[in-house]
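Read off the chains here:
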Amino acid sequence: VYAIDVHLNQGNIHLEPQNEGPMPLIKTGRNSLNNTLYWGTYKPHLYFGMKTRSKQPVNTGLVWSTPNVDNLFARYLYRTQQGRDGVVRYEWKRHDGKNFGEQELVDRPGNLLLTTSFVKKGHSSQPGGGDWTVRLSGRALNQSLTAPYFSMMYYIHDESITKTSQNSLKLDNLPPSSASGLEGDIHINGEHPEIGKYTLLFNDVSSSVNPDAKFLKNQPSLSKWHFYGKARFDDDNWDMVPNIFDETTKQHVSSYYGEWHEFAKTSRSVPPFVPTLPNTINDQSNLVVIQRVMKVPFEVEITFISHNSHDQDDQNNNNNNNQHQQLSSSQVSKVAKEITGDEFDKLFEKYDKSFLERFDVKFPLPKYYKEGYKGFSKMVLSNLLGGFGYWYGRTISVHPDQPNRSIRLAPHALYSASPSRPAFPRGFLWDEGFHQMVVSSWDIELTIETLAHWFNLVDENGWIPREQILGKEALSMVPPEFQVQSPRIANPPTLLMSINKLIDMVDTFKKSESPEKHKVEIDLISSFLEDAYPRIVRFYSFYWKTQPAHIENAFRWRGRKVNHTLASGLDDYPRANPPSVSEVHVDLSSWMAFASKSLAKISKFLGKDDSHYLKSYNDITKIIFDLHWDNENGVYQDILYHNEKNSTLTKTGGYLNYFPLFLGLEPAGSSRMQSYLNSLKDIKGVWGRHGIRSMSLRDPLYGTNENYWRGPIWININYLIASQLCKYSKEHPQTQDFAMIYFTLRHNLVENIYQVYKETGFLWEQYHGIEGNGERNHPFTGWTSLVLLLLTEQY
Ligand code: 6A9
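For the structure given in this document, a descriptive report is provided here. Here the structure is a predicted model, which means the values were calculated and not measured. (Residues numbered from 1 in each chain as written. Predicted model: local features only at pLDDT ≥ 70, side-chain atom pairs only at ≥ 80, totals over all residues. Heavy atoms only, no water.)

Let us look at helix α6 (residues 329-337). For α6, the set of buried residues is V332, S333, V335 and A336. Those residues of α6 hidden inside the fold are in contact with β10 (186-192), β11 (196-202) and β14 (298-306). (Buried < 20%, exposed > 50% of the residue type's maximum accessible area, 1.4 Å probe, protein only. Helix = DSSP H or I, 4+ residues; strand = E, 2+ residues; numbered from the N terminus. Contact = heavy atoms within 4.5 Å.)

For the structure on display, the rule yields 59 aromatic pairs. Summarising the aromatic geometry, the rings of F542 and Y543 are spaced 5.7 Å apart at their centres and angled 80° between planes, so their arrangement reads as edge-to-face. Aromatic pair Y742 and Y795: ring centres 5.8 Å apart, planes at 90°, arrangement edge-to-face. With a gap of 53 residues between them, Y742 in helix α19 (residues 736-760) and Y795 in the segment after α20 (787-791) connect regions that are remote in the sequence. Note on Y795: relative accessible area 24%, which makes it partly exposed. Taken together, the ring pairs in this structure connect W430, F434, W591, F594, Y655, F659, F662, Y708, W709, W714, F780 and W783 into an aromatic cluster. When the ring centre of F625 is taken as reference, the NZ or CZ atom of R672 above it lies at 4.5 Å. Against the face of W629 rests R672, its NZ or CZ located 5.9 Å from the ring centre. (Phe/Tyr/Trp six-rings, centres within 6.5 Å; stacked < 30°, edge-to-face > 60°. Lys NZ or Arg CZ within 6 Å of the ring centre and 35° of its normal.)

Left-over empty space is what a probe sized like a water molecule reveals as it rolls over the atoms. By the definition in use, this model includes seven cavities of 30 Å³ or more. As a volume, the second largest cavity reaches approximately 50 Å³. Taken together, W39, G40, T41, Y42, H95, G97, K98, F118, K120, L385 and F388 make up the lining of the second largest cavity. Looking at the lining of the second largest cavity residue by residue, the class counts come to five nonpolar, four polar and two charged. (1 Å grid on protein atoms, 1.4 Å probe; cavity = no way out; pocket = protein on both sides within 12 Å on 5 of 7 lines; lining within 4 Å. Points joined across faces, edges and corners; volume = space filled by probe spheres on them. Nonpolar A, V, L, I, M, F, W, Y, C, P; charged D, E, K, R; others polar.)

Strands pair in a sheet through their backbones, by hydrogen bonds, and they do so in one of two ways: parallel or antiparallel. If you trace the three strands from one edge of the open sheet to the other, you get β21-β24-β25, paired in antiparallel fashion. In this open sheet, the two edge strands, each paired with only one partner strand, are β21 (583-584) and β25 (646-650). (Pairing = 2+ DSSP bridges.)

Now for the sheet that holds β14. Taken in spatial order, the eight strands of this open sheet run β4-β5-β6-β7-β14-β11-β10-β9, and their pairing is antiparallel. Since the sheet does not close on itself, it has two edges, and those belong to β4 (87-95) and β9 (170-171), each with one partner. Judged from the five bridges that link them, β11 and β14 form a sheet pairing that is antiparallel. Within β14, the residue paired with T199 across the bridge is I305. Across the sheet, helix α7 (residues 341-362) lies against β4, β5 (100-107), β6 (112-121), β7 (131-140) and β14, angled at about 85° from β6, the strand it touches most. (Axes fitted to C-alpha atoms, helices over the stretch in contact; angles between N-to-C directions.)

Below, the structure written as structure tokens:
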């Protein structure tokens, strides 16, 4: 198999970089987005954290346990999972991608309903991203069970502090003897090259949330703050959190076991000992954790103040180089009041109001949907936006000439959405094109910022690694066999879909009553495309260079294995067996026809020559129509092309058959269309009650092997089918099948995804081909969020 792979991968690929002209980086951070987006929930795999978009970020995040209801204090929660830790539900109720968010988590064994909300302030105008406050509030899930204590640990880890740097994190007003903890407000001060001086502030909570007297009798220090500061510069330990617990807390916890045993001898109740941090801080600390044990109902606020955002005294000081701004501790407390308590509420309400108003404009639900759908829709958008991350690091790549060696590429930054917070919290190339279809309906600034980052990943050959595993933290979540990307392996060019959509938006703006109202958007899109064009062209040329088939104007995925074509995105969907260099893949050829049409559209939009791309479109589609059509089944197939007189179809029943349809290549009035549509609505074929399934029930391989793309319903593909049928139905109202299939398919998808959400609380990676139940990873708010565009019929 390996020999075949190597052979197949080599094919007739030439990877010497060709001199195709300069390819400057695309500008990121247009419209002050570097400020607006500086802080965010950019580690989607965490239950909650705030991090900066920097090479050496400031990270802050939550770790909690519920010691009095959880035996042995063993659960420290911070990393999203899929139920194994007892957090049976978690979702963003609101998240606008820029200003604020509110997330709800259900920790069932902890009997805790936890809400994590945040607001940002002053961020659009401030380099360094202004200020923010996080509010954590909790109550008992079930009032009749033991009310939980919430042992909150909130950390700050500043990666700009290195072994040689002078600065470190400092706790303000540290009394000489703090062994039993601290009282009042807590201030942690630091300094970061992009922010200047800053303070992370914990608001005093003692009046409301301390454990009760009985509890405090055993452990009086629980009514105080506990802390732990550490200098941790070991590059290999990217994940500070287990680190804290492994090295310190666990030792500390074990020191309780003696007392625990003593206690257990005399009492039958759960031992009321809570492990607390050791109240020590290192001079060189780049990591500080603050702990507080609170009884429900509690509310605690943690505020980040960027000193530069606040002019100390004064107007006459405005030529002051902001790097030197420093507030006194009482000034910090004062400005913190402007973003905590009632002021937090006011700010939250303001953002929430504009979120809701904007939502109704951007995603207007048809009237016949009941209230539940509205909440559902907002949840969908919020979780897509709450799944954005920011990564920095080097892709591990196969050495271009020595397939057995790997190299690390130059470091890159990526700002992107991600498919699934617990399972795939990183960027995936073809997923992102789908994500941005939804995001662009919400906020084109976010889409342009994301696309700018993705196209900046394009290398000399036009290659973008399919999976973006940037930085040690991301790498640690991927098994070694999946870590290495190959410069010969492609993935569908869906990013072009979202670019087409931006161009369509400009057309709509220009045709609207008052185009001048949209000047900012039109300019933004135009200048971005102007900038991105050389990289888009290079990206397109990559497929021509590296994925040609044995026949001109046709294509073959590289990197095939017997049962896998990961490049195609349809991983285990069956192909020719054994793999062969004679294959011509109908999905890739269809993507390339689509890409050619897209390049023509972009070129035309920018006033450049599009004829070359239009010709390619015609050449590629001609081959698809002539050689890939399976007359017996009325669908398209892969082929094995031996020579002009001899090519054979590789027959399967499933998604592969429909690429020319759902990429809009098949002319609506073609002689093939009727049999094509008949096959699509065959209830023993791919047509299921809950969506189009990836393989036909008639195919002997249905449901076999991994059954990943061999039966289940995938929402990205269903979105493509629905959107194309909708377009066809408008252009050809006389063909009733278009409208009928569109209408029914859309209904089936929306109802099922909604019902499964009601039942399980999640969007899922895929849905069962017959029963419709959610399957595999969840929450999966990547391309399954396309349900929002189905609901609002935006194609
Ligand atoms: C495995 C396992 C903790 C598979 O949504 C991302 C991709 C899609 O692009 C692709 O079409 N998913 C689909 O077939 C998930 C891919 C995950 C691969 C990495 C590492 C780590 O488990």
